[in-house]
Amino acid sequence: MQLKQVPGNLDELLADKNINPLGNMTFLKELQNRLKQQFDLERPYHQLDDWVSMHTFSFESCVIRELGITSPGGNHEKSVDNILSESNEKNRFFRYAVFEPVNRAEQRKAIILLHGLNERSWEKYLSWAYVLALNTGVPVILFPLANHINRSPSAWSFPRQMNKVVGSREKSYGKIGNSSFANAALSQRIDLSPGVFISSGIQSIADIVELTRHIKSGYHPLFKTGASVDFFAYSIGAFVTEILLLSNPFDLFSSSKAFFFCGGSTFDQMDGRSRSILDNRAFETLRRFISERETSTDRWKFPDCLIPFSNRVWEVFTSLISIDQFRKMQNNTLEMIKKIKAVGLKVDHVIPGDAICKTLCIGGNQNVRVTDFDFKYSHEAPFPLSDSSVQEKVDSAFKSLFREASEFLSPGSSKRPEAL
């Protein structure tokens, strides 16, 4: 049956593509713009086009309160501290989206898409989720990590507000490398209380465990009982996924696969100094804190849903802090690593491709590769859209990467249109 056309959706883009809806045209920028116009987390359901629909669902985190932000004293403006430490109900109560292909391959599989550190918008990931859903025939869940995207206060995204934080930090510490309004909120929070990196990670893990239990139990309206969950994870999202797969709470992820893009290395090989992620001072604070971490779980409040597995989760986390620690666990990680496929980028300075290989290429695992694109890119913008002169090359790189990811995450052949 022909679906009713929705004004302003992607039908114009796909109108003459009955078999291959995205065809061979240069499409990424237009696709992203169209999806951005339609993306609305407050709408429970709407049809994006003839091929993919979007659902949204409410979620309540099982972690009520994060590790507190401590004031360092000194001459920080009180208003700045208030902006960053105010109660954040959005982190507890939020909505997440699911891109569902019209021609689903089956009812017992889901893909969770996890984003990078310090993200404030789903914008760049919409095309990723759309193409993955269309190519695999599997619903893709865009799930926000704790204190990110729609789980963070709106003020953290406002340049005017965040420039006040930048000014306050420079007043206290002098000029800081890579300081910007885009990373000001996370930089200040990490600088004042670096433990929020760990507590937010624990909360994210707990929430994904609860979501997966909900899916597998058959209580989620889009999935049948026993559905399995796979991952497409980018940047720090890959770090979270590694902890989930290797600790495997409730045996939820025994059959899970994961595709990593620009992620998968141990923490000591990462460099978060970036105008989009952390300023130099905050990253050094975090690196020093992590390297001097306590090996006991006693100081961390694990939520009830993780308490039976808190020691295992912590053991996996600490092993991922350094490559030397991780290799000591090699015998316990080989089987799960075989279920991971990873692609790194040659000139990625945040999570270098070589670092991903160094971490995951163990025990004969060959599911890791490093690639290089024939255009200027970065970790934060692997598929840049601002330079129209290289758009065909960007589209080609995007198609290649997501064709590979889709083949790895696909449950098998089905009668559905192939996007790429």
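To start, this report covers the structure provided alongside it.

## Let's talk about helix α5 (residues 159–173)
Here's step 1: Given a rise of 1.5 Å per residue, 15 residues ought to cover 21 Å, and the 20 Å separating the end C-alpha atoms of α5 matches this to within 8%.
Here's step 2: Listing the buried residues of α5 in full gives M162, V165, V166, S168 and R169. Considered in projection along α5, the buried side chains sweep an arc of 160 degrees and stay on one side of the axis. Along α5, the residues that are exposed and aim more than 90 degrees away from the buried face are R160 and K171.
Here's step 3: Once α5 finishes, G174 follows within two positions and takes phi at roughly 85 degrees, a positive value.

## Quick look at the packing of helix α8 (residues 236–247) against helix α10 (residues 310–319)
Here's step 1: Here α8 crosses α10 at 130 degrees, and the two axes come no closer than 9 Å. For the element pair α8 / α10, the angle class is oblique. For the crossing formed where α8 meets α10, the hand is right-handed. Between α8 and α10, the contacting residues are F239, E242, I243, L246 and S247 on the first element and R312, V313, V316 and F317 on the second.
Here's step 2: Class assignment for the residues of the contact of α8 with α10 results in 6 nonpolar, 1 polar and 2 charged.

## Overview of the sheet that holds strand β3 (residues 93–101)
Here's step 1: With mixed pairing, 9 strands are arranged side by side in an open sheet as β1-β2-β3-β5-β4-β6-β7-β8-β9. A single partner strand is all that each edge strand has here, and the edge strands are β1 (45–47) and β9 (368–371). Across this sheet, the average inter-strand angle for adjacent strands is 20 degrees, counted without regard to direction.
Here's step 2: For β3 and strand β5 (residues 140–142), the ladder comprises 3 bridges, and the chain directions are antiparallel. Bridging from a neighbouring strand, F99 pairs with V140 of β5.
Here's step 3: Here helix α7 (residues 195–216) sits on the sheet and contacts β2 (52–60), β3, β4 (109–114), β5 and β6 (228–234); the angle it forms with β4, its principal contact strand, is near 165 degrees.

## Section: the pattern of salt bridges
Here's step 1: Under the criterion given, the structure shown has 20 salt bridges.
Here's step 2: Among the salt bridges present, the one from K175 reaches E170, with a minimum N-O distance of 3.7 Å.
Here's step 3: Using a relative accessible area of 74% as the deciding quantity, one classes K175 as exposed.
Here's step 4: When salt bridges that share partners are traced, they join R169, D191, D279 and R281 into one network.

Cut-offs and rules
Residues numbered from 1 in each chain as written. Predicted model: local features only at pLDDT ≥ 70, side-chain atom pairs only at ≥ 80, totals over all residues. Heavy atoms only, no water. Helix = DSSP H or I, 4+ residues; strand = E, 2+ residues; numbered from the N terminus. Expected span 1.5 Å × (residues − 1). Buried < 20%, exposed > 50% of the residue type's maximum accessible area, 1.4 Å probe, protein only. Arc of directions from axis to C-beta. Axes fitted to C-alpha atoms, helices over the stretch in contact; angles between N-to-C directions. Parallel < 35°, antiparallel > 145°, perpendicular 65-115°, else oblique. Left-handed = near helix turned anticlockwise from the far one by under 90°. Contact = heavy atoms within 4.5 Å. Nonpolar A, V, L, I, M, F, W, Y, C, P; charged D, E, K, R; others polar. Pairing = 2+ DSSP bridges. Salt bridge = Lys/Arg side-chain N within 4 Å of Asp/Glu carboxyl O.

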